[in-house]
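Here's the letter readout for the chains.
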Amino acid sequence: MLQDILTDKKALFADGAHTELRGQNNRTRRAVLLNGALMGNVRSDVSGVSARVYEGGVYGFSSMAEYTGEAAEMVLKAATENAAFMNKHAGIGKPALPKMALKQMPTQEDIKDAEQKLYVDFAREADAYITKKYPNLVSRTIVAMEDSMEKLIVTSDGASGHILAPRSYMYVVLTAQTDAGTPVELFQAFGGSGVFGDNFADPTKLHVEIDDLYEKLMQKREGVYADAGEKTVILDGMMSGMLSHEAVGHTVEADLVLGGSVAGPCLNKRVASDLVTLTDFAHTAFGEKCPLPVYIDDEGTEATDSPLIVNGILTGYMNSRESAQHFGMTPQGNARAWLFQDEPLIRMRNTSIHPGKDKLEDMIASVDDGYYLIQSNNGQADTTGEFMFGVTMGYEIKNGKLGKALLDTTISGVAFEMLKTVDMVSDKVVWVSSGMCGKKQPMPVGMGGPALRCKVKIGGR
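The rules we used
- Residues numbered from 1 in each chain as written.
- Predicted model: local features only at pLDDT ≥ 70, side-chain atom pairs only at ≥ 80, totals over all residues.
- Heavy atoms only, no water.
- Helix = DSSP H or I, 4+ residues; strand = E, 2+ residues; numbered from the N terminus.
- Contact = heavy atoms within 4.5 Å.
- Buried < 20%, exposed > 50% of the residue type's maximum accessible area, 1.4 Å probe, protein only.
- Pairing = 2+ DSSP bridges.

Caption draft 1: Highlighting the environment of A324. As for its placement among the helices and strands, A324 is situated in helix 7 (residues 321-327). Here the alpha-carbon distance between A324 and E417, two residues 93 residues apart in the chain, equals 27 Å. Dropping the residues within four chain positions of it, A324 is found in contact with N319, M329, T330 and P331.

In structure tokens form, the structure reads like this:
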């Protein structure tokens with residue numbers, strides 16, 4: 001665990017300037033098996049300290065790949081001088097950031113760092129189970145991983161505190177072949193927040209999940225291509241989560257709003273049906289802990305929820321302290337950095353549409369000719385809200401009943417138009433948290449949602 005060598009340095013903070021001092025360690029543990037061969041065996045720690053100083057509307061920043069008291073003093077001095085230099089030559093005369101109530105966040109519990117052998121052995125056990133039970137597969141990839149960000153934040157105002165956020169997953173990728181020789185692939189991530197030993201104490205408990213993944217792969221192997229065109233679909237929770245993050249969430253990040261995103265002229269206007277309410281949650285959602293909880297951001301802002309769409313009306317943006325001042329909004333803890341040498345950017349935390357009242361089975365029964373889309377492997381969207389997502393698992397819906405599985409396809413549309421077609425919302429939320437958001441810096445995020453009935457363009461053969 002990082003020792004607190006930063007709090008004593010507050011005496012060195014410059015008067016009249018906002019200062020952030022951050023110590024950080026990023027830890028990665030990973031083992032990768034491809035068809036039983038160990039292709040990756042990673043164990044890395046990246047540590048350092050950084051300082052950022054705000055003066056006259058500009059920032060000075062400095063970092064050093066060393067976590068010592070001497071390094072903290074050096075980056076503080078450099079960042080303070082950088083801010084003064086920038087203010088002198090490029091300052092824009094902005095007032096100081098609004099004061100925040102000083103709050104000390106509690107130190108979190110340390111984590112147990114498992115030996116690398118644990119990851120390799122667990123991956124080998126899963127691979128051996130798959131090889132023995134399903135010898136007809138073309139290939140299999142198994143990844144056992146854990147990563148964590150640990151940060152100590154000390155600011156001249158706002159909150160100061162400790163962040164320790166481990167997460168761990170098993171990634172399983174299975175590939176089969178159709179009778180025509182076309183490869184079909186299916187991926188599933190298992191796990192979530194917490195260290196590997198807590199999420200994966202017993203390898204045999206993963207067998208049921210692997211069996212289910214194989215069963216879906218065999219259904220997909222016999223699958224059909226979707227009929228191209230605009231269709232009525234049920235987007236399951238993973239798909240609605242990707243929509244919330246990629247096609248809506250990024251457009252309402254205040255730095256992208258300032259860059260001209262579609263959300264700029266849409267504030268306080270209708271962008272979705274009455275049934276759609278969307279929030280970027282900090283640490284608790286719908287009465288439960290979020291998949292990747294955030295309690296304080298890297299500017300020292302205590303994390304609270306960011307309501308974005310309420311009953312179809314766009315009501316707010318996600319902000320840093322500086323952008324919140326610009327838009328006259330309240331910062332809610334969205335400024336986060338990936339590594340010690342990175343400056344904080346506006347990032348999502350746990351973004352989800354709120355659940356409705358409909359049952360999934362009733363939603364499927366309501367569709368005469370459409371699709372139930374469950375899983376995606378990637379997605380792209382731009383600041384206009386236009387999106388295109390890959391779909392790796394789904395089913396036909398014929399006369400209210402599930403039909404054949406689908407081969408890989410895509411869906412596309414414009415988020416703020418597509419969300420206006422939502423006319424049913426399920427009562428259960430599905431979360432995913434195994435990936436990284438790639439906005440300039442990687443960042444672990446949670447995204448989720450209920451199933452949505454809506455209209456969207458789907459690709460064919």
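Caption draft 2: Summary view of the environment of V252. Inspection of the secondary structure assignment puts V252 in the loop between helix 5 (237-249) and helix 6 (254-258). Each residue touching V252, except ones within four places of it in the same chain, is listed here: V257, A263, L308, L314, G316, Y317 and M318.

Caption draft 3: Layout of unusual backbone geometry. Look at N311: it is not a glycine, yet its phi comes out positive at around 50°. Along the chain, N311 falls in the loop between strand 12 (306-310) and strand 13 (313-314). Using a relative accessible area of 44% as the deciding quantity, one classes N311 as partly exposed. Backbone geometry places K440, a non-glycine residue, at a positive phi of 70°. Considering the arrangement of structural elements, one finds K440 in the loop between strand 25 (436-437) and strand 26 (443-444).

Caption draft 4: Spotlight on the pairing of strand 16 (residues 350-353). Side chains N350 and S352 of strand 16 all project onto a buried face; the interleaved residues T351 and I353 project onto the opposite face, where all are buried too. By the bridge criterion, four bridges tie strand 9 (residues 278-281) to strand 16 in an arrangement that is antiparallel. Within strand 16, the residue paired with D280 across the bridge is T351. Across three bridges, the pairing between strand 16 and strand 27 (residues 446-449) is parallel. Residue pairing for strand 27: S352 is matched across the bridge by G448.

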